[in-house]
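What the coordinates show
These are the residues of each chain, in order.
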Amino acid sequence: MEYAGTTRSPESLGHILQQARLLSRLTQCEFANRLDTTQRHIWELETNKSSIAMLRLLPYLVDCDMTLTATIARMGDRND
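Description of the structure in this document. Within every chain, residues take consecutive numbers counted from 1 along the sequence as written. Owing to the predicted nature of the model, reporting of local features is limited to residues with pLDDT of at least 70; listing and counting of side-chain atom pairs is limited to 80 or more, with chain, interface and lining totals taken over all residues. As a convention, hydrogens and water are excluded, and side-chain values are obtained from all of the structure's heavy atoms.

1. Observations concerning the overall build of the protein
Filter applied, for reference: Helix and strand assignments come from DSSP, with helices taken as H or I runs of at least 4 residues and strands as E runs of at least 2, each series counted from the N terminus. Only protein chains enter the area calculation, which uses a 1.4 Å probe; residues under 20% of their type maximum are buried, those over 50% are exposed, and those in between are partly exposed. Note on contacts: a residue pair is in contact if any heavy atoms of the two residues lie within 4.5 Å. Note that accessible areas follow from Shrake-Rupley with a 1.4 Å probe, and for residues the cover is restricted to the protein chains shown.
Each helix and strand in the protein was counted, giving 4 helices and 2 strands. The secondary structure elements of the protein, listed N-terminal to C-terminal, are β-α-α-α-α-β. Within the span of the protein, comprising 80 residues, buried residues form 21% of the whole. Of the contacts formed within the protein by residues at least 6 apart in sequence, a portion of 68% connects residues at least 24 apart. Total accessible area on the protein is roughly 5,800 Å²; 53% of this is exposed by carbon and sulfur atoms.

2. What about the pattern of salt bridges?
Stated precisely, the cut-off is as follows: Salt bridges are defined as contacts in which a side-chain nitrogen from Lys or Arg sits within 4 Å of a carboxyl oxygen from Asp or Glu.
All chains considered together, the criterion is met by 2 salt bridges. Of the charged contacts, one joins Arg21 and Glu46 as a salt bridge, the two residues approaching to 2.6 Å between their closest N and O atoms. Taken as a pair, Arg21 in helix α1 (residues 10-23) and Glu46 in helix α3 (residues 39-46) lie far apart in primary sequence, 25 residues in all. Linking Arg40 and Glu44 is a salt bridge whose minimum nitrogen-to-oxygen distance equals 3.0 Å. Of this pair, Arg40 and Glu44 are both found in helix α3, 4 residues apart, which corresponds to roughly one turn of the helix.

3. Let's talk about the packing of α1 against α3
Going by this rule: Helix axes are fitted to C-alpha atoms over the stretch in contact, other axes to C-alpha atoms as well, and angles between N-to-C directions run from 0 to 180 degrees. Angle categories: roughly parallel below 35 degrees, roughly antiparallel above 145, roughly perpendicular from 65 to 115, and oblique for all the rest. Classification used: nonpolar for Ala, Val, Leu, Ile, Met, Phe, Trp, Tyr, Cys and Pro, charged for Asp, Glu, Lys and Arg, polar for all others including Gly.
Taken N-terminus to C-terminus, the directions of α1 and α3 make an angle of 125 degrees; their axes are 7 Å apart at the nearest point. As far as their axial angle goes, α3 and α1 are oblique. When α1 is examined against α3, the residues Gly14, His15, Leu17, Gln18 and Arg21 are found in contact with a partner set consisting of Ile42, Leu45 and Glu46. Counted by class, the contact of α1 with α3 contains 3 nonpolar, 3 polar and 2 charged residues.

4. Observations concerning α1
For clarity, the threshold we go by: By this rule the span expected of a helix is its residue count minus one, scaled by 1.5 Å.
Given a rise of 1.5 Å per residue, 14 residues ought to cover 20 Å, and the 20 Å separating the end C-alpha atoms of α1 matches this to within 8%. Once α1 finishes, Arg25 follows within two positions and takes phi at roughly 60 degrees, a positive value.

5. Regarding the side chain of Gln28
Basically, it comes down to this: Here a polar contact means two N or O atoms within 3.5 Å. Within protein one must be a hydrogen donor candidate and the other an acceptor candidate, and residues neighboring in sequence count only if both atoms are side-chain atoms.
For Gln28, the location among the structural elements is in helix α2 (residues 28-34). On the accessibility criterion, Gln28 (16% relative accessible area) is buried. At a separation of 2.5 Å, a polar atom in the side chain of Gln28 contacts the side chain of Gln39.

What follows is the structure in structure tokens.
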């Protein structure tokens with residue numbers, strides 16, 4: 001089963017990222033270890049502590065009438 005979400009804001013993107021992590025049954029620390037980053041970085045992404053890239057990307061999407069769509073595949077559905 002897959003879940004899809006669309007975003008035009010850092011808040012909704014953070015929520016989608018959090019939902020994907022939770023569906024994978026990972027804590028922020030576990031996910032950070034997989035990505036070779038810190039738990040704080042994961043927390044910042046999920047709670048709208050936007051990076052420069054996000055602050056630049058999302059207004060660009062809005063100005064161009066674009067929407068970012070993310071599809072979350074549950075762990076058993078992925079083709080890893």
